[in-house]
Each structure stands twice: as structure tokens, then as C-alpha cells.
Amino acid sequence: MGYVELQVGSLKVEIPIRAAGEASSAEPAAKFEMEGDSCAIVVRGDATSKQVERAMQRAAREAVRQLSRKLLN
């Protein structure tokens, strides 16, 4: 779907944005996932909706928090 560039300390990190496969309606519209050295923001639903846009912003903030712990420690 694309990438989002995040500022983590003095580093610029590109995070891929991917469409979710089958997901339950209980899951957030967008979430940050990290496994080992790979990570992505996974989006469920229409990426142009306001709800998904707000969820992507929350996922990006979570990505910065987790990547800060991993990359800056």
C-alpha cells in the first residue's frame, strides 16, 4: 500500500503499510506489528476513511515508541 517515514531520534525509518488479510472486527483499524527485524503498519478496511486515518496515526506513534526502545538502547 505504501510507506510512512518516521523520525526515531535522529534516524528516519520507513515503515511499510500493508493491507490486512482476514481480521476480526474486534481488531483496530490499523496497528503496528514487529517481528524480529521486520515491521509494518497493518491496515484493515478503507485506508481513506477518517477512522482508519486516526488508527494509522496511533499505530505510527506506537511504532516510534517500540522502535525507540529497539534502535536507541
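Structure: see above.
Computed from a predicted structure; not experimentally measured.

Rules and cut-offs
Residues numbered from 1 in each chain as written. Predicted model: local features only at pLDDT ≥ 70, side-chain atom pairs only at ≥ 80, totals over all residues. Heavy atoms only, no water. Helix = DSSP H or I, 4+ residues; strand = E, 2+ residues; numbered from the N terminus. Rg over C-alpha atoms; globule rule 2.2 N^0.38 Å. Buried < 20%, exposed > 50% of the residue type's maximum accessible area, 1.4 Å probe, protein only. Contact = heavy atoms within 4.5 Å. Areas by Shrake-Rupley, 256 points an atom, 1.4 Å probe, with all protein chains shown as cover. Lys, Arg positive; Asp, Glu negative; His and termini not counted. Charge placed at Lys NZ, Arg CZ, Asp CG, Glu CD. Patch = residues over 30% accessible without salt bridge, like charges linked within 9 Å, V, L, I, M, F, W, Y side chains within 5 Å. Salt bridge = Lys/Arg side-chain N within 4 Å of Asp/Glu carboxyl O. Core = buried A, V, L, I, M, F, W, Y, C linked by side-chain atoms within 4.5 Å.

## Some points on the overall build of the protein
No. 1: Across its full length, the protein holds one helix and four strands.
No. 2: The order of helices and strands in the protein, counted from the N terminus, is β-β-β-β-α.
No. 3: In terms of overall dimensions, the protein is globule-like: its C-alpha atoms have a radius of gyration of 12 Å, near the 11 Å expected for 73 residues.
No. 4: With the C-alpha coordinates of the protein rotated into their principal frame, the extents come out at 35 × 25 × 20 Å.
No. 5: Put simply, the protein has 73 residues, and 29% of those count as buried.
No. 6: Restricting to contacts in the protein with at least 6 residues of sequence separation, those with at least 24 account for 42%.
No. 7: In the form shown here, the protein has an accessible surface area of approximately 5,000 Å², with 47% of it arising from carbon and sulfur atoms.
No. 8: Charged side chains in the protein number 11 positive and 10 negative. The centres of these two groups are separated by 7 Å.

## Quick word on a positive patch on the surface
No. 1: A cluster of basic residues, Lys50, Arg54, Arg58 and Arg61, forms a positive patch on the protein surface.
No. 2: In this fold, Arg54 is placed in helix 1 (residues 50–72).
No. 3: On the basis of relative accessible area, Arg54 is assigned to the partly exposed category, the value being 46%.

## What to know about the nonpolar core
No. 1: Ranked by size, the top nonpolar core spans 18 residues in total, and within it Ile15, Ala30, Phe32, Ile41, Val43, Met56 and Leu67 carry the most contacts.
No. 2: Those elements that place two or more of their residues in this core are strand 1 (2–8), strand 2 (11–19), strand 3 (30–35), strand 4 (38–43) and helix 1.
No. 3: Ranked by residue count, the leading element in this core is helix 1, at seven residues.
No. 4: Here Leu67 is in contact with Val8, Val13, Ile15, Phe32, Met34 and Leu72, once residues within four sequence places are set aside.

Bear in mind that shape data such as this cannot, by itself, settle questions of function.
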